[in-house]
Every structure is written in C-alpha cells, then in structure tokens.
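Residue-level structure breakdown
Spelled out, the chains give:
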Amino acid sequence: MESLDLLLGGLEAAATPENLMWAAIGVLLGTFVGVLPGIGPAMAVALLLPVTYGLEPAQAFIMFAGIYYGGMYGGSTTSILLNTPGESSSVMTAIEGNKMAKRGRAAQALATAAIGSFIAGTIGTMLVVFLAPWLAGIAVEIGAPSYLAVTVLAMVLVTSVLGSSRLRGFIGLFLGLTIGLVGLDLNTAQARLNFDQPLLADRIDIVVVAVGVFALGEALWVAAHLRRKPLEIIPVSGQPWMGRDDFRRSWKPWLRGTALGFPFGAVPAGGAETPTFLSYVLERRLAKDGGEFGKGAIEGVAGPEAANNASAAGTFVPLLALGLPVTATATIMLAAFQSYGIEPGPQLMTDQSDLVWTLLASLLIGNLMLLVLNLPLAPLWAKLLRTPRPYLYAGILFFASLGAYAANQRPFDLVLLLVFGALGFMMRRFAIPVLPLILGVILGPLMELKFREALSLSDGEASGLVNEPLAVIVYAIVALAVVVPAVVRAVRGPTDPAEQKELVSR
Amino acid sequence: MNTTPSSAPGTGRQDRAQYGLAGLLGLIGAYTVYDASTLNVGFADPVGPRAFPYVIGTVLVGLAALLAVATARGDKPEAEEGEDVDLTHPADWATVAKLTATLVFTIATVDTLGWAISGAVLFVGSAWALGSRTLIRDVIVGFVMSVGSWYVFYVGLDIPLTPGVLDGVL
C-alpha cells in the first residue's frame, strides 16, 4: 500500500490551483488539437511540446498528461463524426461510432467514448501505480546485457507486429537508427555523420525529427492529395448523454476493453491497434445474433474506446519503469523527459520519485477533467471539424515551424525540419511506418551505450552480451516474436475479410 | 471508411519509384559505413565508435536490396490514407512546391525579419498555396497568430523569439 501513500502525496502536489490550471489548459489544448482532422495524439504532443519549454518539470508533466488524454479523446471525436479515422487506434471506434452518429445517436456515441475512456484511463493509471514501482524494483537489478536485450525486444516487437509489411517496418527502424547516429559519439567525442557541419555535431533534436515526420510530413502529404469534395460531417444534436439502457449495454464492454487494452500497452507489443481490434471482435461475438452491429452498436464504441485508453495508460509501465517507449506518443514524452535532463529508467522511480508520482496523479486528474470539460463541450469541438482546410494545414505548418524554431532559435533547425518533412512525405508515399523510425532515433543511442557497456565489462568477449539469464530469456522471446506475428494473423484469420482489409490498410 | 483499395501511384505492374527509394537507402547505408571507417578507435573501449554504424549501415544496404527484389516481384506500397486525403487523384506537386518555397523563404528571413513577420508570411503563403483566396482575412489571421505566439512565448514562457526588424516595436 506504499504506492497508495505516494500517490496521495502526488495528488496533493498536483492539486494546487495553479497546477490544476495547467492540467485544464493541457486537456483543452490537447482536445482542441486532437479534434482537428489529420492530427493524432503523437502529433498533438509533438506540436505542443514547445509550450512546456518555459515550465518547471512538474508543471510540464501535468500539462502533458492533459495533452495526452485530451489528444486521444479528440481523436475519437473526429472518428465518430467523420467517417475516416485519423489514427490507427480509432479505426475500430469509427466503424460503429459513425453508424451511430448517422442514426442521430452521435451524442450517445461521444458519451460512451468519453465515459469509457475515463473508466479505462482511471483503472489503467491505478494499475500503473502498482505495477511500475514493482517492475522498476526488478529492473534496477538488471545489468547492461539484459537491458540491451529488452531494448532489442521492444524494437523487434514494435517493428514486426505492426503494419502490413515487416520489410518496411525494418526500413523505418534502421533509418531511425541512422538518424540517431548523427552527432558526437558518446565515448570518444568524435562527430559521426555530420557532413563536416558543426551544427550537426550536436545530436539532432528528437522534437525536430518528430515534428518534421509527423506534422510537416503529414501537411505536405495531405497538400499533395487534398480531397476535392468536403467530407460529410454529422452534427451533434444536444448534450452528449446516455440513457439507462445505453449504460446497461456499455459498462461490460468498458471493463472488457480495459482488460484487453492494458496488457497490450504494458508489454511492448505495439500499442492500441491489436487490443481495439480484439475488443471490437469480442463485443461483436458476444452480442446476441450480432445485435445492432453493423447498424451502430454502442458496444462497438464502448469496448474499443476503453481498450484504446487502457493501452495508452499501460504504455506508462515500460516508459516509467524501464525508460522504454512503445508508442509514438510515449517516445515524444520520453524526449520531453530528456529535455529536462531526466533519464527515464529503473532509477527514475527512486531518483525522481516526487515527479513520477505527480505525473501519475495528474494523469488521474487529467482524466477526470477530460470527462467534466468535454461532455458539455462536445458540440463545440464538433464545429472545429469545419475548419477550412487551407487554414488547418497552414496552421500545422506554422506551429510545426514554431516548435522546431523555438527550442534553439536557429534557422538551421528549420532546414532540418524541412528535411524530415520531406522524409515524412516519402514514408507516407512508400508506406513506411513512422513509429519504428521514431523509436530508432531515441532508442538507438541508448542501445549503443548499453552494448558498449556490456562489452567493456567482458573485455570485448561476445559472451558479455548473454552472461545474464534474463538476457538469454529475452533473446529467446525476440526469436519467438518473429514467429508470433504469423500466429496473430492466424487468430485474426476467421474474421470478416472486409475488416481485415481495413485494418491491414492502416 | 474509404474502402477503395488504395490506388498506389504508378498503375503499372511495378512501382518504379520504389527502386529510387531502394537506391537512396543503399546510398545512406553505404555512406554510414564509409563515415564510420573514418573514425578513430578510442582507448580502453573494445567496441569503439565504429561497430554500431557498421552494423546499421550494412543492414540498411541489405534492406535496400530486399526492397529492390520485392519491387521487382510486384510489391506495391499502400500509400497512407487520412481524413483529408484523396488518393484517387495523382499527386499535386505544384502545391507541395509552393509550400516548400514558403518554408524556405521563412528559413531565409526569420533571423532578419523576425518571427512575427516571417511566421505571418509562412501562414499566409501556406494558406494561399493550399487554395485560400481570402487574402485580407488570411493576412489578419496570420499576423494575429505570429504576433500572438511571440507574446505567448515572451510573456508566458520567458522565451524571446527573434524580434528582427520589429525589435523595440513588439
């Protein structure tokens, strides 16, 4: 129960009026940006990162918690009201959610998404509170070889489980690792891949990479393929609320979705796509005679939305306990930690205990605020979907440049932004997934450090990489992970081929 | 949901542009290996700064080769879809070029003109490139955003963005 005491301490620290204000600003900004079509949670966090530059770490993290959950909720609003989801994690929500909206039940769909997100987020965060310290306690003991093995595991899982083409996943990963090489070598202080540019001797700021690949790349990609006809937007009539019957039908899917989502977030198996898909399939199977599925079943919104949020909460377990990000959003949060000179890892829970517990407490607060603010504001958010597209994408360009420029105030960062924007465009054209790239950029240097540490200890003997039992076990899992995707495909096999296609095409 | 099979650019049996990508990847990989070979190995460091780039560069060259083979066998990428993306038309390169030019202009002028002006130009130019034809409104929105962000950073976050020619005015 020590965790509960610490959490209460964190709540006390986070619940000052000023901090609550930062949380509210975060939730509003996050939802605002998340609702805008084409902007997912990862881009929302990356674009809003500069806003936190001038803040103390604790306040920045409080705001982040708000931005994170706000961005996710905003994303589901978009996918329910427009028939084309922005993020892979809200594909499943969109199927039934949009059909509900078309039948005039947009308010109920938004409500079940909001309440389901709240419940899943709260349960998920509480699980993080108990699991992360426990895992960190174990992880403090593990040495460089095992740590290296776990990093390899995260990379292989993220790269091979997600996406339709493993070849393209690995191309993304190794491009990211190459970008991570740029700059001074950690041990010998020699510049690598700097093209004799002194400005490249520093490591490339991950914020510039993320904003370039996510925001600028997306804006350029959309600009090249801008839809000529406006999309059909379904208006929200009345306040989002649910009747007794909606509650009766929603609460079980909420809990089942949470149970599915959290483990997938907590182990590095590739974010929210799989659990949201499984939740959708599960609810569909459990519905008698298919229920209303295909015509706008509330269960099909409640389950995947809960799974989505629970998995988002779950990603905090490896992030806080091991310093391992497994989603794009978590990667950018890791970059934010680093910009404050905080190295996430097993020591984080003890070294920066106050900060961690404040962050966890603000996740709970942010979650509650999301519910309180967004249920009444939903009709307003829906209006944002009508933002004229030239303004929307010009705005993304504007804020992407501001974000890249504000950190160091040198035009060179804007040049880099343009380069990574071009890379992001290319990746969208050739269907190379973004997550492995971002993961490679941030984990590459860490991996090299552990690799060299392990081999220094063993005087260069290769056995130094596998002299811990845990490392051997993890490498065995890595080997399995190459086989598991085939199994996952077999599990997904018996479902509707049309959905399969939709999922795979993401 | 847009269920039309993504009409990836290049309607032929092969996506020729993928060869270009494979070539680029191979080039990056090869350069990474070359660059690593110019480094000195430090003392008391059995691995040195070379090993990692060697591995990464070599794998990248290998992946490039695999991509070339896959392309030759008719592999095609499924280009990314999205809310505002319509893949049924060919890519509109003119818009992309205009946006890039606007951004390059911003890069070139941000130090001299300052964020308030360059940022506004960036917004107005991008909005125009994307098809907005309400110039006066665009200029007003652009200036409100750039001057507003300048003050938010200066007053709220204590970060003075480059004032440029407006030094003293802001």
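Per chain, residue numbering runs from 1 following the sequence as it is written. As they are written, the chains are lettered A onward and the ligands numbered 1 onward, keeping that order. Confidence filtering applies because this is a predicted model: local features only for residues at pLDDT of at least 70, side-chain atom pairs given and counted only at 80 or more, and all residues used for totals across whole chains, interfaces and linings. Side-chain measures were taken over the full set of non-hydrogen atoms in the model, leaving aside hydrogen atoms and water.

Describing the overall build of chain A
Operational definition: For helices the rule is a DSSP run of H or I covering at least 4 residues; for strands it is a run of E covering at least 2, with both sets numbered from the N terminus onward. We call two residues contacting when some pair of their heavy atoms lies within 4.5 Å.
The helix and strand tally for chain A stands at 20 helices and 2 strands. Within chain A, residue pairs in contact and separated by at least 24 positions form 79% of the contacts whose partners lie at least 6 positions apart.

Re the overall build of chain B
Rule in force here: Each residue is placed in one exposure class: buried if its accessible area under a 1.4 Å probe, protein chains only, is under 20% of its type's maximum, exposed if it is over 50%, and partly exposed if it falls in between.
Scanning chain B from terminus to terminus reveals 5 helices and 0 strands. Walking chain B from its N terminus toward its C terminus, one meets helices and strands in the order α-α-α-α-α. Relative to its full complement of 170 residues, chain B shows a buried share of 42%. Long-range contacts, defined here as pairs at least 24 residues apart, represent 61% of the contacts in chain B between residues at least 6 apart.

What to know about the pattern of salt bridges
Residues and elements named next belong to chain A. Test applied: By convention in these notes, a salt bridge is any Lys or Arg side-chain nitrogen within 4 Å of a carboxyl oxygen on Asp or Glu.
Counted under the stated rule, the structure contains 10 salt bridges over all chains. As a salt-bridge pair, R410 and D413 come within 3.3 Å of each other at their nearest N and O atoms. Judged by relative accessible area, which is 21%, R410 ranks as partly exposed. Residue R452 pairs with E448 through a salt bridge whose shortest N-O separation is 2.9 Å. Of this pair, R452 and E448 both sit in helix 18 (residues 434-457), 4 residues apart, which is roughly one turn of the helix. Classification of R452 by relative accessible area gives buried; the value is 4%. A network of salt bridges, in which partner residues are shared, links R192, E448 and R452.

Structural notes on the confidence of the model for chain A
Residues and elements named next belong to chain A. Note the following rule: Known as pLDDT, the predictor's per-residue confidence is scaled from 0 to 100.
Per-residue confidence for chain A gives a mean pLDDT of 81; residues scoring 70 or more make up 90%. Summarising per-element confidence for chain A, the mean pLDDT is lowest in helix 20 (residues 497-504) (42) and highest in helix 17 (residues 411-429) (92). Contacts of residues 494-506 to residues separated by more than four positions or lying in other chains number 22 contacts, the stretch itself having pLDDT below 50.

Notes on the packing of helix 16 (residues 389-408) of chain A against helix 4 (residues 115-129) of chain B
This is how the line gets drawn: Where helices are involved, their axes are fitted lines through C-alpha atoms of the stretch in contact, as for all axes, and angles between N-to-C directions lie from 0 to 180°. Crossing chirality is assigned from the near helix's rotation relative to the far helix, an anticlockwise turn below a right angle marking it left-handed and a clockwise turn marking it right-handed. Only Asp, Glu, Lys and Arg are considered charged in this grouping, and only Ala, Val, Leu, Ile, Met, Phe, Trp, Tyr, Cys and Pro are considered nonpolar; every other residue, Gly among them, is considered polar.
Remark: helix 16 of chain A packs on helix 4 of chain B, axes separated minimally by 8 Å, with the N-to-C direction vectors making an angle of 150 degrees. Seen along the crossing, helix 16 of chain A lies across helix 4 of chain B with a hand that is right-handed. Contact with helix 16 of chain A, carried on its side by P390, Y391, A394, G395, L397, F398, S401, L402 and Y405 of chain A, involves W115, G119, L122, F123, S126 and A127 of chain B of helix 4 of chain B and no other residues of that element. Grouping the amino acids of the contact of helix 16 of chain A with helix 4 of chain B by side-chain chemistry returns 11 nonpolar, 4 polar and no charged.

Things to note about the packing of helix 3 (residues 41-48) of chain A against helix 4 (residues 57-81) of chain A
Residue and element names in this part refer to chain A. One way to put it is that helix 3 packs onto helix 4 with a least axis distance of 8 Å and a crossing angle of 145 degrees. The handedness of the crossing between helix 3 and helix 4 is right-handed. Together, P41, A44, V45 and L48 of helix 3 and F64, I67, Y68, G71 and M72 of helix 4 make up the contact between the two elements. Along the lines of polarity and charge, the residues of the contact of helix 3 with helix 4 split into 8 nonpolar, 1 polar and no charged.

Here's the deal with the packing of aromatic side chains
We count it as follows: Ring pairs are drawn from Phe, Tyr and Trp, using the six-membered ring of Trp, whenever the two centres fall within 6.5 Å, and their geometry is named by plane angle: stacked under 30 degrees, edge-to-face over 60, tilted for the rest. Criterion for a charge above a ring: Lys NZ or Arg CZ within 6 Å of the ring centre, and within 35 degrees of the ring normal.
Under the definition given, this model contains 17 aromatic pairs over all chains. Each ring, one from Y68 of chain A and one from F316 of chain A, has its centre 5.6 Å from the other, and the planes form 75 degrees; the classification is edge-to-face. With Y68 of chain A in helix 4 and F316 of chain A in helix 12 (residues 316-322), this pair connects stretches of sequence that are 248 residues apart. Side by side, Y68 of chain A and F316 of chain A carry an identical accessibility label, which is buried. The ring centre of Y147 of chain A lies 4.8 Å from the NZ or CZ of K450 of chain A, which sits over that ring. Cation over ring: K98 of chain B sits above W128 of chain B, and NZ or CZ is 5.0 Å from the ring centre.

Topic: the interface of chain B and chain A
Under the convention used in this document: Any N or O atom pair separated by 3.5 Å or less is treated as a polar contact, with the protein-specific requirement of one donor-capable and one acceptor-capable atom, and with residues adjacent in sequence counted only for side-chain atom pairs.
Taken together, the contact between chain B and chain A spans 81 residues of the former and 84 residues of the latter. Linking chain B with chain A are 2 salt bridges, by the criterion used here. A salt bridge links R168 of chain A to D75 of chain B, with the nearest nitrogen and oxygen atoms 2.5 Å apart. At the surface where chain B touches chain A, the tally comes to 10 residue pairs in polar contact (both at pLDDT 80 or more). Those elements that provide at least two residues to the side of chain B that touches chain A are helix 1 (17-37), helix 2 (51-72), helix 3 (93-113), helix 4 and helix 5 (135-156) of chain B.

Observations regarding unusual backbone geometry
A positive phi angle, near 60 degrees, is found at A431 of chain A, a position not held by glycine. Within the secondary structure, A431 of chain A is located in the loop between helix 17 and helix 18.

Re helix 18 of chain A
Spacing of three or four residues puts side chains on the same side of an α-helix, whose turn is 3.6 residues. Defined as follows: To estimate how far a helix should reach, multiply one less than its number of residues by 1.5 Å. Axes are fitted to the seven residues ending at a residue and to the seven starting at it; the angle between these axes is taken as the bend at that residue.
Between its terminal C-alpha atoms helix 18 of chain A stretches 35 Å, which fits the 34 Å expected from 24 residues at 1.5 Å a residue. The sharpest bend along helix 18 of chain A comes to roughly 40 degrees, located at L443 of chain A, with the proline P445 of chain A sitting one to four residues further on.

Observations regarding the side chain of D138 of chain B
Definition in use: Asp and Glu are treated as the negative residues and Lys and Arg as the positive ones, with His and the ends of the chain left uncounted.
Note on placement: D138 of chain B falls in helix 5. Although buried, D138 of chain B forms no salt bridge, and the nearest oppositely charged side chain, R137 of chain B, lies 4.7 Å from it. Polar contacts involving the side chain of D138 of chain B include one to the side chain of S132 of chain B, which spans 2.8 Å. Aside from chain neighbours lying at most four places away, what touches D138 of chain B is Y391 of chain A together with F123, V124, A127 and S132 of chain B.

Quick look at the environment of W241 of chain A
Residue and element names in this part refer to chain A. Position of W241 among the secondary structure elements: in the loop between helix 8 (206-224) and helix 9 (244-266). Placed 228 residues apart in sequence, W241 and A13 show a C-alpha to C-alpha distance of 33 Å. The residues touching W241, leaving out its near neighbours within four places in the chain, are A107, Q108, A111, I115, F247 and L375.

Side note on the environment of I365 of chain A
Residue and element names in this part refer to chain A. Relative to the helices and strands, I365 is located in helix 15 (residues 353-384). Classification of I365 by relative accessible area gives buried; the value is 14%. The spatial distance from the C-alpha of I365 to the C-alpha of A24 is 9.2 Å, given a sequence separation of 341 residues. Not counting residues up to four positions away in its chain, the partners in contact with I365 are L11, A14, A15, L20 and A23.

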